[in-house]
Amino acid sequence: NAGVTQTPKFQVLKTGQSMTLQCAQDMNHNSMYWYRQDPGMGLRLIYYSASEGTTDKGEVPNGYNVSRLNKREFSLRLESAAPSQTSVYFCASSEKGTGYGYTFGSGTRLTVV
Amino acid sequence: GNSVTQMEGPVTLSEEAFLTINCTYTATGYPSLFWYVQYPGEGLQLLLKATKADDKGSNKGFEATYRKETTSFHLEKGSVQVSDSAVYFCALTYNQGGKLIFGQGTELSVKP
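Residues numbered from 1 in each chain as written. Chains lettered and ligands numbered in written order. Predicted model: local features only at pLDDT ≥ 70, side-chain atom pairs only at ≥ 80, totals over all residues. Heavy atoms only, no water.

Draft legend 1. Summary view of the packing of aromatic side chains. By the definition in use, this model includes 15 aromatic pairs over all chains. Arranged with centres 6.2 Å apart and planes meeting at 50°, the rings of tyrosine 35 of chain A and tyrosine 102 of chain A form a pair that is tilted. Here tyrosine 35 of chain A, found in strand S4 (residues 31-37), pairs with tyrosine 102 of chain A, found in the loop between strand S9 (87-94) and strand S10 (103-104); they are 67 residues apart in sequence, far enough to count as distant. Tyrosine 102 of chain A gets classed as buried once you look at its relative accessible area, which sits at 3%. Where tyrosine 102 of chain A meets phenylalanine 104 of chain A, the ring centres are 5.9 Å apart and the plane angle is 40°; that geometry is what we call tilted. Phenylalanine 104 of chain A shares its class with tyrosine 102 of chain A; the two are buried. By the ring-pair criterion, three or more aromatic residues cluster together here, those being Tyr33, Tyr35, Tyr48, Phe90, Tyr102 and Phe104 of chain A together with Phe34, Tyr36, Phe89 and Phe102 of chain B. (Phe/Tyr/Trp six-rings, centres within 6.5 Å; stacked < 30°, edge-to-face > 60°. Helix = DSSP H or I, 4+ residues; strand = E, 2+ residues; numbered from the N terminus. Buried < 20%, exposed > 50% of the residue type's maximum accessible area, 1.4 Å probe, protein only.)

Have a look at this one:
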């Protein structure tokens, strides 16, 4: 009953470094999402993948890239980290359609110094 | 555009008090509405949902009714416990893509 697994849980980067946040789900969900959470701003969608083989930009995609590696895995890459990308990142998955809720991972707390 | 507005927190209550967290939305068509809860240091968990007007979602003593006439989905609980201390997010999905739009979250703190 793993659900959505994110790695790593914590990361500190220097400005300009790159890294990839990993996400995997074992519920056979079609859709996967990356959000960032900042104080007072709720969760904002970075990128999503409605189904295997497709990816689309969300509300705040600048500075990020994604890869839907297969149905299970959806990674988020920061090519050149900036302090403005300091945030908590959440991956989520869902069945396709408007009536279904999401299952969230436990988050990655990223600090860029 | 589509959006969700929640009452600002933090909300501080004594144990066994009545809870209301207001949520209103703006959306075209007929969105599905959700409440999520985030306990300290954890990810979000689905608390309850309603997919059409006048539906009532309920779970763990929490309730919310989908009111299309007032575009609202207020969260209520009759008697809160210390263990209910968390951040609560109202959210909607508005198209077949199923993307969730979140409110800014309301922090609830329950004191013994």
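There is more to say after this.
Draft legend 2. View of the pattern of salt bridges. Evaluated as defined, the whole model comprises six salt bridges over all chains. Among the salt bridges present, the one from aspartate 38 of chain A reaches arginine 36 of chain A, with a minimum N-O distance of 2.9 Å. Across this residue pair, the class does not change: aspartate 38 of chain A and arginine 36 of chain A are buried. Lysine 52 of chain B is the partner of aspartate 55 of chain B in a salt bridge, and the nearest nitrogen-oxygen pair spans 3.4 Å. Where salt bridges share partners, they join Arg36, Asp38 and Arg44 of chain A into one cluster. (Salt bridge = Lys/Arg side-chain N within 4 Å of Asp/Glu carboxyl O.)

Draft legend 3. View of the nonpolar core. If you look at the biggest cluster of nonpolar residues, it comprises 26 residues, and the most contacted ones within it are Trp35, Leu47, Leu48, Phe73, Leu75 and Tyr88 of chain B. Top contributing element to this core by residue count: strand S10 (residues 86-93) of chain B, with four residues. Counting residues in hydrophobic clusters, the runner-up holds 20 residues, among them Met19, Met32, Trp34 and Ile46 of chain A. (Core = buried A, V, L, I, M, F, W, Y, C linked by side-chain atoms within 4.5 Å.)

Draft legend 4. Region of the structure containing the environment of glycine 105 of chain B. Residues and elements named next belong to chain B. In this fold, glycine 105 is placed in the loop between strand S11 (100-102) and strand S12 (106-111). Sequence separation between glycine 105 and valine 37 is 68 residues, and the spatial gap between their C-alpha atoms is 9.1 Å. Sequence-distant contacts of glycine 105, defined by excluding residues within four places in its chain, comprise Gln6, Met7, Val87, Tyr88 and Phe89. (Contact = heavy atoms within 4.5 Å.)

Draft legend 5. Expanded view of the sheet that holds strand S9 (residues 75-77) of chain B. Residues and elements named next belong to chain B. Pairing within the open sheet is antiparallel, and its four strands lie in the order S3-S9-S8-S7. Only two strands of the sheet have a single neighbouring strand rather than two, namely strand S3 (19-21) and strand S7 (56-59). The mean angle between the axes of side-by-side strands here comes to 15°, regardless of whether they run parallel or antiparallel. Of the strand pairs in this sheet, S7 and strand S8 (residues 62-65) are connected by four bridges, and their pairing is antiparallel. Residue lysine 56 lies in a different strand from S8, and its bridge partner there is threonine 65. (Pairing = 2+ DSSP bridges. Axes fitted to C-alpha atoms, helices over the stretch in contact; angles between N-to-C directions.)

Draft legend 6. Representation of the sheet that holds strand S7 (residues 64-68) of chain A in the model. All names here are of chain A. If you trace the four strands from one edge of the open sheet to the other, you get S1-S3-S8-S7, paired in antiparallel fashion. Unpaired on one side and paired on the other, strand S1 (4-7) and S7 mark the two borders of the sheet. The mean inter-strand angle of the sheet, taken between neighbouring strand axes irrespective of direction, is 15°. With three bridges joining them, strand S3 (residues 19-25) and strand S8 (residues 74-78) adopt antiparallel strand pairing. When the sheet's bridge partners are listed, methionine 19 is paired in S8 with leucine 78.

Draft legend 7. Fine view of the environment of asparagine 30 of chain A. All names here are of chain A. Within the secondary structure layout, asparagine 30 lies in the loop between S3 and S4. Residue asparagine 30 is classed as partly exposed on the basis of its relative accessible area of 26%. Separated by 64 residues in sequence, asparagine 30 and serine 94 place their C-alpha atoms 6.5 Å apart.

Draft legend 8. Just the pairing of strand S2 (residues 11-14) of chain B, in detail. Residues and elements named next belong to chain B. In S2, alternate side chains face the same way, and those of Val11 and Leu13 are buried while those of Thr12 and Ser14 on the opposite face are not. Pairing of S2 with S12 involves four bridges; the strand directions are parallel. Bridge pairing links leucine 13 to valine 110 in S12.

In short, the description is geometric, and any link to function would need to be established separately.
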